[in-house]
Amino acid sequence: MGTAESQVAATSDVQQHPGTTTAASSPVTDGFHLVIDALKLNGIDTIFGLPGIPITDLTRMAQAAGMRVISFRHEQNAGHAAAIAGFMTQKPGICLTVSAPGFLNGLVALANATTNCFPMILISGSSEREIVDLQQGDYEEMDQLAIAKPLAKAAFRVLHAEDIGVGIARAIRAAASGRPGGVYLDLPAKLFAQTMDAHAGRRSLIEVVDPAPRQFPAQDAVQRALELLKSAKRPLILLGKGAAYAQADADIRAFVERTGIPYLPMSMAKGLLPDTHEQSAAAARSYALPEADVVMLIGARLNWLLSHGKGKTWGGKDHKAWGGQKFVQVDISPQEADSNVRVDAPVVGDIGSCMSLLLAGIGPNWTRPPADWLTAIAERKAKNIAKMAEALAKDPTPMNFHSALAVVRDIVKANPDACFVNEGANALDFTRSIVDMYRPRKRLDVGTWGVMGIGMGFSVAAAVVSGQPVIAIEGDSAFGFSGMEVETICRYNLPVCVVILNNNGVYRGTDVNPGGGPDVAPTVFVKNARYEKLMEAFGGAGVHATTPGELRKAMEEAIRSRRPTLVNAVIDEAAGTESGRITNLNPKSGKKS
Ligand code: OXT
Ligand code: ADP
Ligand code: MG
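Cut-offs used in this document
- Residues numbered from 1 in each chain as written.
- Chains lettered and ligands numbered in written order.
- Predicted model: local features only at pLDDT ≥ 70, side-chain atom pairs only at ≥ 80, totals over all residues.
- Heavy atoms only, no water.
- Pairing = 2+ DSSP bridges.
- Helix = DSSP H or I, 4+ residues; strand = E, 2+ residues; numbered from the N terminus.
- Axes fitted to C-alpha atoms, helices over the stretch in contact; angles between N-to-C directions.
- Contact = heavy atoms within 4.5 Å.
- Buried < 20%, exposed > 50% of the residue type's maximum accessible area, 1.4 Å probe, protein only.
- Near = heavy atom within 4 Å.
- Polar contact = N/O pair within 3.5 Å; in protein donor to acceptor, adjacent residues only side chain to side chain.
- Areas by Shrake-Rupley, 256 points an atom, 1.4 Å probe, with all protein chains shown as cover.
- Nonpolar A, V, L, I, M, F, W, Y, C, P; charged D, E, K, R; others polar.
- Domains from an automatic or database assignment.
- Donors = N, O, S within 2.8 Å, 3.2 Å for Na, K, Ca; no water.
- Salt bridge = Lys/Arg side-chain N within 4 Å of Asp/Glu carboxyl O.
- Expected span 1.5 Å × (residues − 1).
- Parallel < 35°, antiparallel > 145°, perpendicular 65-115°, else oblique.
- Core = buried A, V, L, I, M, F, W, Y, C linked by side-chain atoms within 4.5 Å.

Visitor: Would you explain the sheet that holds strand 2 (residues 46–49) in this entry?
Guide: Two pairing modes exist for strands in a sheet, parallel and antiparallel, and in both the strands are linked by backbone hydrogen bonds. Reading across the sheet, the 6 strands line up as 3-2-4-5-7-6 and stay open at both edges, with parallel pairing between neighbours. Single-partner strands in this sheet number two, and they are strand 3 (68–71) and strand 6 (154–157). If you compare each strand with its neighbour and ignore which way they point, the axes differ by 20 degrees on average. In this structure, strand 5 (residues 120–126) lies alongside strand 7 (residues 182–188), joined through 7 bridges in parallel fashion. In the sheet register, Gly 125 faces strand 7, and the bridge partner there is Leu 187. In the packing of helix 5 (residues 75–89) onto the sheet, contacts are made with strand 2, strand 4 (93–97) and strand 5, and the angle to strand 4 comes to roughly 165 degrees. Those strands touched by helix 9 (residues 164–176) are strand 5, strand 6 and strand 7, and its axis lies near 165 degrees from that of strand 7.

Visitor: I tried to follow the pairing of strand 16 (residues 470–475) on my own but got confused; where do I start?
Guide: Within a regular strand, the side chains alternate between the two sheet faces. In terms of residue burial, strand 16 counts as a mostly covered element, since 6 of its 6 residues are buried. A two-sided burial pattern is seen for strand 16, the buried positions comprising Val 470, Ala 472 and Glu 474 on one face and Ile 471, Ile 473 and Gly 475 on the other. Relative to strand 16, strand 14 (residues 419–423) runs parallel, the two being bridged by 5 bridges. When the sheet's bridge partners are listed, Phe 420 is paired in strand 16 with Ile 471. In the sheet, strand 16 pairs with strand 17 (residues 496–502) via 6 bridges, with the strands oriented parallel. The residue bridging Val 470 from the neighbouring strand is Val 496, located in strand 17.

Visitor: Please clarify how the environment of Ala 529 should be interpreted in this entry.
Guide: Note that Ala 529 resides in the loop between strand 17 and helix 23 (532–537). Residues in contact with Ala 529, not counting those within four places in the same chain, are Asn 502 and Asn 568.

Visitor: Explain the site of ligand 1 here, please?
Guide: Taken together, 34 residues lie around ligand 1, and Ser 286, Asn 426, Arg 432, Gly 450 and Asp 476 are the ones closest in. Taking Asn 384, its side chain carries an N or O atom lying 3.5 Å from an oxygen atom of ligand 1. Ala 425 has a polar backbone atom sitting 3.2 Å from an oxygen atom of ligand 1. Contact with the protein chains hides 79% of the accessible area of ligand 1, taken as 1,400 Å² for the molecule alone. Secondary-structure elements contributing two or more residues to the shell around ligand 1 are helix 15 (285–291), helix 17 (371–393), helix 19 (426–434) and helix 21 (476–480). For the shell around ligand 1, the element with the most residues is helix 19, which contributes 6 residues. Each residue belonging to the shell around ligand 1 can be placed in one class, and the counts come to 19 nonpolar, 10 polar and 5 charged. Counting the residues that make up the shell around ligand 1, at least three belong to each of domain 2 (219–374) and domain 3 (394–584).

Visitor: Teacher, can you tell me more about the site of ligand 2 here?
Guide: Close to ligand 2 lie 19 residues; Arg 179, Lys 241, Arg 301, Asp 331 and Ile 351 are nearest. Residue Asp 331 places a side-chain N or O atom 2.6 Å away from an oxygen atom belonging to ligand 2. When ligand 2 is considered free in solution it has 580 Å² of accessible area, and contact with the protein chains removes 96% of it. Element by element, the count of residues in the shell around ligand 2 is highest for helix 13 (residues 241–245), at 3 residues. Residues from two domains meet in the shell around ligand 2; each of domain 1 (4–204) and domain 2 (219–374) gives at least three.

Visitor: Whenever I open this one, the coordination of the magnesium ion (ligand 3) confuses me. Can you help?
Guide: For a metal bound by four donors in tetrahedral geometry, the ideal donor-metal-donor angle is 109.5 degrees, whereas six donors in octahedral geometry ideally sit at 90 or 180 degrees. Those donors, Asp 476 (OD), Asn 503 (OD1) and Gly 505 (O), are the protein atoms that reach the magnesium ion (ligand 3), and they lie 2.0 to 2.1 Å from it. Here the donor residues for the magnesium ion (ligand 3) map to a single chain with the spacing D-x26-N-x1-G. Taken together, the residues Asp 476 in helix 21 and Gly 505 in the loop between strand 17 and helix 23 connect sequence positions 29 residues apart. As far as burial versus exposure is concerned, Asp 476 and Gly 505 are alike and both buried.

Visitor: Just to check I follow, could you spell out the pattern of salt bridges for this structure?
Guide: Working definition: two side chains of opposite charge can pair if their charged atoms are close together. Considering all chains together, one arrives at 23 salt bridges under this definition. Of the charged contacts in the structure, one is a salt bridge between Arg 253 and Glu 257, with a shortest N-O distance of 2.9 Å. Taken together, the residues Arg 253 and Glu 257, both in helix 14 (residues 249–259) and 4 residues apart, mark about one turn of the helix. A relative accessible area of 33% places Arg 253 in the partly exposed class. The residue Glu 487 makes a salt bridge to Arg 491 at a minimum N-O spacing of 2.8 Å. Taken together, the positions of Glu 487 and Arg 491, both in helix 22 (residues 486–491) and 4 residues apart, correspond to about one turn of that helix. Judged by relative accessible area, Glu 487 falls into the buried class, the value being 14%. Here the salt bridges do not stand alone but share partners, grouping Arg 129, Asp 133, Asp 143, Arg 157 and Asp 186 into one network.

Visitor: Help me out: how do you make sense of helix 12 (residues 219–231) in this one?
Guide: A turn of α-helix holds 3.6 residues, and therefore any two residues three or four places apart point the same way. Here helix 12 is 13 residues long and its end C-alpha atoms lie 18 Å apart, about the 18 Å a rise of 1.5 Å per residue gives. Packing partners of the buried residues in helix 12 comprise strand 9 (235–239), helix 14, strand 11 (294–298), strand 12 (326–331), strand 13 (345–348) and helix 16 (351–362).

Visitor: In this structure, what is going on with the packing of helix 17 against helix 18 (residues 401–414)? I would like to understand it.
Guide: Packed helices, taken two at a time, are described by the angle between their axes plus the distance between the axes. The geometry of helix 17 relative to helix 18 is characterised by a closest axis approach of 7 Å and an angle of 105 degrees between their N-to-C directions. Compared by their axis directions, helix 17 and helix 18 come out roughly perpendicular. Contact residues: Met 388, Ala 391 and Leu 392 in helix 17; His 402, Ala 406 and Arg 409 in helix 18. Within the contact of helix 17 with helix 18, the residues separate by chemical class into 4 nonpolar, 1 polar and 1 charged.

Visitor: Help me understand the nonpolar core in this model?
Guide: Among soluble globular proteins, nonpolar side chains are generally buried collectively. If you look at the biggest cluster of nonpolar residues, it comprises 57 residues, and the most contacted ones within it are Phe 48, Phe 87 and Leu 444. Examining the composition of this core, we find that 8 residues originate from one element, helix 5, more than from any other. Residue contacts for Phe 87: discarding those within four places in its chain leaves Phe 118, Pro 119, Lys 241, Ala 244, Tyr 245, Met 268, Arg 441 and Leu 444. Residues Phe 32, Leu 39, Ala 62 and Ala 161 belong to the second largest nonpolar core, which totals 39 residues.

Visitor: What exactly am I supposed to notice about the sheet that holds strand 13 here?
Guide: Read from one edge of the open sheet, 5 strands run 10-9-11-12-13, paired in parallel fashion. With one partner strand each, in any of the chains shown, strand 10 (263–265) and strand 13 form the two edges of the open sheet. Between one strand axis and the next, the sheet turns through 15 degrees on average, direction left out of account. With 5 bridges connecting them, strand 9 and strand 11 associate as parallel partners.

This is the structure:
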């Protein structure tokens, strides 16, 4: 990699900058180059961002220094791109924004990264401290550090060029170590132009050694967990996105297969083992959860997505009652256990280390779970799969979610290495259960918050990071949150195939204004919108698909050609339900809690 010194020598605009050479002509560097060199020194080669005061030159210089600078149309999408790049690579993704409004636009992604345990660093330029602190009305004045703090795992500000190396090292460690998360790094405008001796500058940079150190669990914790699992009559493993993130794929698979315990993948853990694996209990979810007696969580939290580990989902008498399960929880965070219900066997450490010890501990004489448990799950599974096959075989006009997603399912099966992005409500939930995944970390979706707007940011990052084709299955509302990034996709000529499951609105397009006035209902969009023309506007391929055959042809062609493509798949506007599978979370007027 280039040193600070060589960067200055190589970059003409620095030499034009006053103060970059001294009277004695000893080499100097500046804040811009120290930031770039610190990132490069740590193996960070891509920045997702949006230029403007005070970071425009930083984007130019980063590009001149050989970094990939992916420039977006809105910072939120750049932030989501950085976060998912972090999830895919275990290296913090970098999002670079301008001050106040650009910074604020990046905050949803920063907070979402923290919530989802994705390592990312939001770097924002900021206004002059002296003016901000006296509230004298600077250009884009805002106390960004204070605002970012509650939304980030950590937040830092660098005031002096000689501290840039430390600032970036601290940000990397905070983002990647322990439970990963979003980190904010505040770089005031004045910092970039500060100069210092190039040799001293180079010495001030830190190449972070072991940014996410392995953390082995205690041997007695491993034994306790194995004893509990051994005692189970109806054990179940839940794989979460932490397990996918950990890249311990072989050990996780070996543990599942050697114990013979059925498993359920959370959404972004789909594909960690292929969804077609015979031990997958995904198609028997609502049977397996309440019936299980010992549940092992690997990188999954007992949050709302798992009904907090209690209530009717788990066989409890009412919505708050414990279902009687005992829990093993494998997690890097020592505070996660007992956050919702009692965890009988916490195993605290990084999943790679934990799984290697758990695997070693099961030994050759492990008894597989009782046959009646496995048979019961297999029967429920077969029933649900048959029901699903029936629904998928129908060919209604217009298409419904099932007939469109039957096509997507085939395309993913034929292209298991393609990355898969998914958001919406019905467009999310139907896709999750219909489209099987075959490889780890391919399914990228709305995650812990169910946040809309990840679609195009995730797609851009997935294409850039993996070099593989990307398939994005989008509700028409979901797409709207980041739709302008189709220009970004075309600009970088990325192999992204966006499929909009277009049912004319949020959840469906059939609602009517209950007040009878001239406005349409809040959930309804322009009917029969031609989203594909957005992609055509920027030189990509747009397809209006009204049949499964047209959809299949368009997707096959998109994957073959690697050309940016948007398929507007017209879905029956009455096909969706309110909030998809989580209708029950909508508060009802007058309902007692
Ligand atoms: O066992 P049972 O019988 O129950 O069956 C289950 C499985 O066994 C079975 N299954 C299978 N059968 C056969 N074969 C196979 N292979 C198989 N696999 C599974 O299928 C069922 C279901 O299985 P699942 O999914 O595993 O089980 P379940 O019970 O659903 O799991 C529970 C959950 C909670 C884990 C799961 O439902 C889940 O992960 N849900 C995530 C939900 C979510 O996050 N939704 C997104 C948010 S909704 C809402 O908030 C929206 N907004 C508001 C908004 C948001 N979010 N963000 C921002 C920034 N602003 C506003 C908006 C605006 S969604 C939305 C837009 C919606 O409109 P769109 O146009 O975009 O989308 P459409 O709805 O399409 O119009
Ligand atoms: P899901 O939504 O798939 O259920 P969650 O985001 O709720 O997953 O949970 C992920 C969990 O994984 C978090 O509690 C986090 O601390 C944990 N985690 C993330 N990375 C690692 C890792 N490398 N080792 C151990 N645990 C991890
Ligand atoms: Mg819709």
